[in-house]
Amino acid sequence: MSVKAVAIYTFLSENKEEITIQENEEVVIFDENSVDGWFQGENSRGERGLFPASYVKINRTRSNSSVTDCSISPAGSLANDSSYLPPTPNTSFNSVQIYDEDDYDDWDDWDDRSTVVDDADNSRGPGANGHAYQAQMFNNPNVKYRSKLVSGPDSISSTRKCCMVGRNLNRFSSFVRSGVEAFVLGDVPMMAKIAESYTIEMGTLGPQWEDNPQPFTCSIEDPTKQTKFKGIKTYISYRVTPSHTGHPVYRRYKHFDWLYNRLLHKFTVISVPHLPEKQATGRFEEDFIEKRKRRLILWMNHMTSHPVLSQYEGFEHFLMRTDDKQWKLGKRRAEKDEMVGAHFMLTLQIPTEHQDLQDVEERVDNFRSFAKKMDDSVMQLTHVATELVRKHLGGFRKEFQRLGNSFQSISQAFSLDPPYRSDTLNNAISHTGRTYENIGEMFAEQPKYDLFHMLDKLSLYQGLLANFPDIIHLQKGAFAKVKESQRMSDEGKMDQAEADGIRKRCRTVGFALQAEMSHFHQRREVDFKDMMQAYLREQIDFYQQIVQQLERTLRMYDCF
């Protein structure tokens, strides 16, 4: 049954099976049952095809208001900004996903049983940065639980001192789901032994992550189409080679996806870059494979450059294990990691320097304004670059071909009256026509050398920026708890030691966020400098080639 819907985000089609929809555009959905997160329908221009289910909101009558809406807001949209183009529904932090060749795998060649550790309250949905809600209580001998003060019903003063800071009523808030609220309030179990540690140090511009003492890079090459089950199953394998070992491992997209989800699960206050999108159709086409490889390279570069992510044991396991048995053991160990989400905060070693919480809050507010503006600007440049690619592939090529054909027509006309025909002139004009036809083809080929790489980098930063609203929300929630606890202490409803503990744990959250902000700025300067230099070099080389062809053509007119 067809239903009407309204697009809440703009979606630009990338292949012939998809259609473009604009924000606020009315569309018709042919069937409300989405297929792998995609609807089939028709836009207002009469075009029919696929578009993401999470990009539209189905019009519901009042009588059907209790029906679950098919619209799913992407995690991390910046201040509900309607101009933000969210990740397509195939990215792993959305609730509906597109399945590509790896998703149908029964994992028989990778693991013999499912070992993903689900939280007891995982039904609350993804949290900050795509994290699942972290259950706070574990039956583990290495866990020390914080004791609760218990007061008798006849002890008024004791009751006042034991009054607890109120929990957030919105249990779907990322502040709650991520477990950071419980950490700030001191409800996270203290581990008897913490094997890992990440240090935050004071830099010239503020807190920053301590560098990885053993930095490395990693290459991704040679995407190869492979089969199993006598050709029934087909997939793409990538050769991944870390610089510090020099030994290649071969990974499929599902392996990257597994690592990505472990990162989301563990690192609450870090902006984990989004993986390249999946695709409903054409996943074995050469252009798609090349695009995915380019974006996996950018993803890997960000991973290896991050002082914390690059030291994650699960990442090391991903890069080094080649033996199937060792792979399975390491995979299960990573999935049983207890230092995830709120517990990750226990691994942080923060500076001893004092930071005024109001100054930290102001700095976070400034970064939030910056991130919002950068997100808008990145989206604008993405739209402009995408439109320019279309012109290169279509409009520019056609216009130069039309100009070339017109010159060829002139040359043919001049040759029709033999007594007055000038072969030298006719050949020069005909060559001019062929030159402009060739220039049209050059325009069609040029995006693969510059604009595609720019769009890849912009896509990476769209994902990074999309994570920050939820991460910043964690700090805002922590600030609120500090203020509330101090007010209760001033009113005699809470011990000052309890309020000081909340303030101390809030400092940990604040230092972590500032360190992540600092790393983002450091990488932004490097990445955008490289992006702009590469684009300008390719543009210069492109137009120099055009100039050379035009100069050769011009010299042909000097021969008579």
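What comes next is a walk through the structure. The shown structure was predicted, so the numbers you read here are calculated from the model rather than taken from an experiment. (Residues numbered from 1 in each chain as written. Predicted model: local features only at pLDDT ≥ 70, side-chain atom pairs only at ≥ 80, totals over all residues. Heavy atoms only, no water.)

Here's the deal with the overall build of the chain
The condition is simple: The way it works is that DSSP assigns letters per residue, a run of H or I at least four long becomes a helix, a run of E at least two long becomes a strand, and they are numbered from the N terminus. Classification of residues uses two cut-offs on accessible area relative to the type maximum, computed with a 1.4 Å probe and protein chains only: under 20% is buried, over 50% is exposed, and between them is partly exposed. Using the Shrake-Rupley algorithm and a 1.4 Å probe, accessible areas are obtained, with residue cover drawn only from the displayed protein chains.
Per the secondary structure count, the chain includes eleven helices and 13 strands. Across the 560 residues in the chain, those meeting the buried criterion constitute 49%. Carbon together with sulfur atoms contributes 51% to the accessible area of the chain, which is approximately 27800 Å² in total.

Section: helix H6 (residues 313-320)
The criterion, for reference: Residue contacts follow a heavy-atom distance rule, with two residues in contact if any of their heavy atoms lie within 4.5 Å.
Taken together, the buried positions of H6 are Gly-314, Phe-315, His-317, Phe-318 and Leu-319. At its buried positions, H6 is contacted by strand S10 (218-228), strand S11 (233-242), strand S12 (249-252), helix H4 (253-266), helix H5 (286-305) and helix H7 (324-335).

Focus on the nonpolar core
The condition that has to hold: Residues belong to one nonpolar core when they are buried, are Ala, Val, Leu, Ile, Met, Phe, Trp, Tyr or Cys, and are joined through side-chain atoms within 4.5 Å. Throughout, the edges of the domains are those of an automatic or database domain assignment.
Membership of the largest hydrophobic core comes to 87 residues, with the highest contact counts inside it found for Phe-256, Leu-263, Phe-267, Trp-299, Met-300, Phe-315 and Phe-344. When residues of this core are assigned to domains, at least three fall in each of domain 2 (218-349) and domain 3 (357-556). With residues near it in sequence (within four places) discarded, Met-300 still touches Cys-218, Ile-220, Val-240, Phe-256, Phe-315, Phe-318 and Leu-319. Among the nonpolar cores identified, the runner-up in size contains 17 residues, and Ala-7, Tyr-9, Phe-11 and Ala-53 belong to it.

Quick notes on unusual backbone geometry
With a phi angle near 70°, Asn-24 is a residue other than glycine that sits in the positive phi range. Assessed through its relative accessible area of 56%, Asn-24 is described here as exposed. With phi around 55°, Asp-222 is a residue other than glycine that occupies positive phi space. Position of Asp-222 among the secondary structure elements: in strand S10. Look at Asp-222 and you get partly exposed, because its relative accessible area is 41%.

Notes on the environment of Arg-45
Assignment of secondary structure puts Arg-45 in the loop between strand S3 (38-42) and strand S4 (48-52). Since its relative accessible area comes to 44%, Arg-45 is described here as partly exposed. Beyond its immediate chain neighbours, meaning those up to four positions away, Arg-45 contacts Thr-20, Ile-21 and Glu-25.

Here's the deal with the packing of aromatic side chains
For clarity, the cut-off: Between the rings of Phe, Tyr and Trp (Trp by its six-membered ring), a pair exists once the centres lie within 6.5 Å; its type follows the angle of the planes, with under 30 degrees stacked, over 60 edge-to-face, and the other angles tilted. When the NZ atom of lysine or the CZ atom of arginine is within 6 Å of a ring's centre and also within 35 degrees of its normal, the charge is said to sit over that ring.
A complete count under the given rule lists 26 aromatic pairs for this structure. On the basis of an interplanar angle of 80° and a centroid distance of 5.0 Å, the ring pair of Phe-267 and Phe-344 is categorised as edge-to-face. Of this pair, Phe-267 sits in the loop between H4 and H5 while Phe-344 sits in the loop between H7 and strand S13 (348-349), and the two are 77 residues apart along the sequence. By the burial criterion, Phe-267 is buried, and Phe-344 matches it. For the pair Phe-468 and Phe-520, a centre-to-centre distance of 5.3 Å together with 80° between the ring planes defines the contact as edge-to-face. One end of the pair, Phe-468, is in helix H10 (residues 451-490); the other, Phe-520, is in helix H11 (residues 496-555), and 52 residues separate them in sequence. A residue is classified by how much of its surface remains accessible, and Phe-468, at 0% relative accessible area, is buried. Among the residues examined, Phe-520 registers a relative accessible area of 5% and is labelled buried. Cation over ring: Arg-252 sits above Tyr-235, and NZ or CZ is 3.8 Å from the ring centre.

Considering the sheet that holds strand S9 (residues 206-209)
Our working definition: Each pair of strands is called paired provided DSSP finds at least two bridges between the two strands. All axes are obtained by fitting lines to C-alpha atoms, using only the stretch in contact for helices, and the reported angles, taken between N-to-C directions, cover 0 to 180 degrees.
A sheet is described by the order of its strands in space; here three strands give the open sequence S9-S8-S13, paired in mixed fashion. For this open sheet the edge positions go to S9 and S13, each flanked by a neighbour on one side alone. The sheet contact formed by strand S8 (residues 198-203) and S13 spans two bridges and is parallel. In the strand pairing of S13, Thr-199 is matched with Gln-349. Running over the sheet, H11 touches S8, S9 and S13 and is turned about 75° from S9.

Structural notes on the sheet that holds strand S1 (residues 3-7)
An order of S4-S3-S2-S1-S5 is seen for the five strands of this open sheet, with the pairing classed as antiparallel. In this open sheet, the two edge strands, each paired with only one partner strand, are S4 and strand S5 (56-58). For this sheet, the mean angle separating the axes of adjacent strands, direction not counted, is 45°. With two bridges joining them, strand S2 (residues 26-29) and S3 adopt antiparallel strand pairing.

Some remarks on the packing of H4 against H7
Keep this limit in mind: Roughly parallel means an angle under 35 degrees; roughly antiparallel, over 145; roughly perpendicular, 65 to 115; everything else is oblique. By the definition used in this description, the sense in which the near helix is turned from the far one sets the handedness, with an anticlockwise turn below a right angle giving left-handed and a clockwise turn giving right-handed. As a working rule, the residues Ala, Val, Leu, Ile, Met, Phe, Trp, Tyr, Cys and Pro are called nonpolar, Asp, Glu, Lys and Arg charged, and the rest polar, with Gly in that last group.
The interhelical angle for the contact between H4 and H7, taken along N-to-C directions, is 25°, at an axis separation of 11 Å. Judged on the interaxial angle alone, H7 and H4 are roughly parallel. At the point where H4 passes H7, the crossing takes the left-handed sense. Taken together, the residues of H7 that come into contact with H4 (itself represented by His-255, Trp-258 and Arg-262) are Trp-327, Lys-331, Ala-334 and Glu-335. A breakdown of the residues in the contact of H4 with H7 according to their chemical character gives three nonpolar, one polar and three charged.

Section: a negative patch on the surface
What counts, and what does not: Candidates for patches are residues over 30% relative accessible area with no salt bridge; among them, like charges are joined within 9 Å and nonpolar side chains (Val, Leu, Ile, Met, Phe, Trp, Tyr) within 5 Å. For this document, the term salt bridge refers to a Lys or Arg side-chain nitrogen within 4 Å of an Asp or Glu carboxyl oxygen. Think of it this way: Lys and Arg go in the positive column, Asp and Glu in the negative one, and His and the chain ends go nowhere. Charged side chains are reduced to one point each, which is NZ for Lys, CZ for Arg, CG for Asp and CD for Glu.
Together, Glu-17, Glu-285, Glu-286, Asp-287 and Glu-290 line one region of the surface with negative charge. Topologically, Glu-285 is positioned in the loop between H4 and H5.

Here's the deal with the side chain of Ser-485
Note on placement: Ser-485 falls in helix H10. On the basis of relative accessible area, Ser-485 is assigned to the buried category, the value being 1%.

Here's the deal with the pairing of S3
Alignment of S3 against S4, held across five bridges, turns out to be antiparallel. Looking at S4, one finds that Gln-40 is bridged to Leu-50. Between S3 and S4, which pair antiparallel one after the other, the connecting turn spans five residues, and Gly-46 there sits at a positive phi close to 85°.

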